Amino acid sequence: MTKTVFIEQQIISAVRGLLTGRVNEILGNNQFTIPIFEIGEYGGGCNVVPVITLTTCETTEKERVILQDCYSLSIFLTVPETPESDFHCYAYSGAISRAVYENPTLGGIAERVEINGKKYLTPKKANCGQEWGLVISLRVTVEGNTYDG
């Protein structure tokens, strides 16, 4: 029996691999100590657990003609409030941007991956123990009907 792997699963898996692989490597090479990404049910305070969501998005006329599908992918992460929280958010943003720039096809899964938005979320009140946040939005374009079956 052959296992079917859908393109949505491949995209999410590739992004998880990018975060726990190349992005963690970039963060580890930094001169400052920055918590790395961890995937799963991890609840420790020294690592960051991203939430990855994937939805379809509107395609352009050209993309419809050449049979490409488009997805909107969001990476959301929370950063505990510390004096370095804003610095950590900027470091995560920069590391993710660099990793996507170096691997714009997610290892051949996508035709193109583009960062189309970054949103930095600050606590409503300073020094009250609320978390900082970062949302990075990506647009992923793939060949239509791509799956391994």
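The structure this text deals with has already been given above.
The notes below deal with the structure included here. (Residues numbered from 1 in each chain as written. Predicted model: local features only at pLDDT ≥ 70, side-chain atom pairs only at ≥ 80, totals over all residues. Heavy atoms only, no water.)

1. A word on the pattern of salt bridges
Phase 1 of the analysis: Using the criterion set out here, one finds four salt bridges in the structure.
Phase 2 of the analysis: For the salt bridge of Glu25 with Arg22, the shortest nitrogen-to-oxygen distance reads 2.9 Å. Residue Glu25 and its partner Arg22 are both found in helix H1 (residues 7–28); the two are separated by three residues, about one turn of the helix.
Phase 3 of the analysis: Using a relative accessible area of 44% as the deciding quantity, one classes Glu25 as partly exposed.
Phase 4 of the analysis: According to the relative accessible area criterion, Arg22 is partly exposed, its value standing at 23%. (Salt bridge = Lys/Arg side-chain N within 4 Å of Asp/Glu carboxyl O. Helix = DSSP H or I, 4+ residues; strand = E, 2+ residues; numbered from the N terminus. Buried < 20%, exposed > 50% of the residue type's maximum accessible area, 1.4 Å probe, protein only.)

2. Points about the nonpolar core
Phase 1 of the analysis: Phe37 and Tyr92 are the most contacted members of the largest nonpolar core, which totals 34 residues.
Phase 2 of the analysis: Only H1, strand S3 (68–79), helix H3 (85–102) and strand S5 (132–143) provide two or more residues apiece to this core.
Phase 3 of the analysis: Looking at which element gives the most residues to this core, the answer is H1, with nine residues.
Phase 4 of the analysis: The residues contacting Tyr92, other than those within four sequence positions of it, are Leu27, Ile34, Pro35, Phe37, Val48, Leu77, Val79 and Leu134. (Core = buried A, V, L, I, M, F, W, Y, C linked by side-chain atoms within 4.5 Å. Contact = heavy atoms within 4.5 Å.)

3. Notes on H3
Phase 1 of the analysis: Between its first and last C-alpha, H3 extends 26 Å over 18 residues, near the 26 Å set by a 1.5 Å rise per residue.
Phase 2 of the analysis: Taken together, the buried positions of H3 are Ser85, His88, Cys89, Ala91, Tyr92, Ser93, Ala95, Ile96, Ala99 and Val100.
Phase 3 of the analysis: Contacts from the buried residues of H3 go to H1, S3, strand S4 (112–121) and S5. (Expected span 1.5 Å × (residues − 1).)

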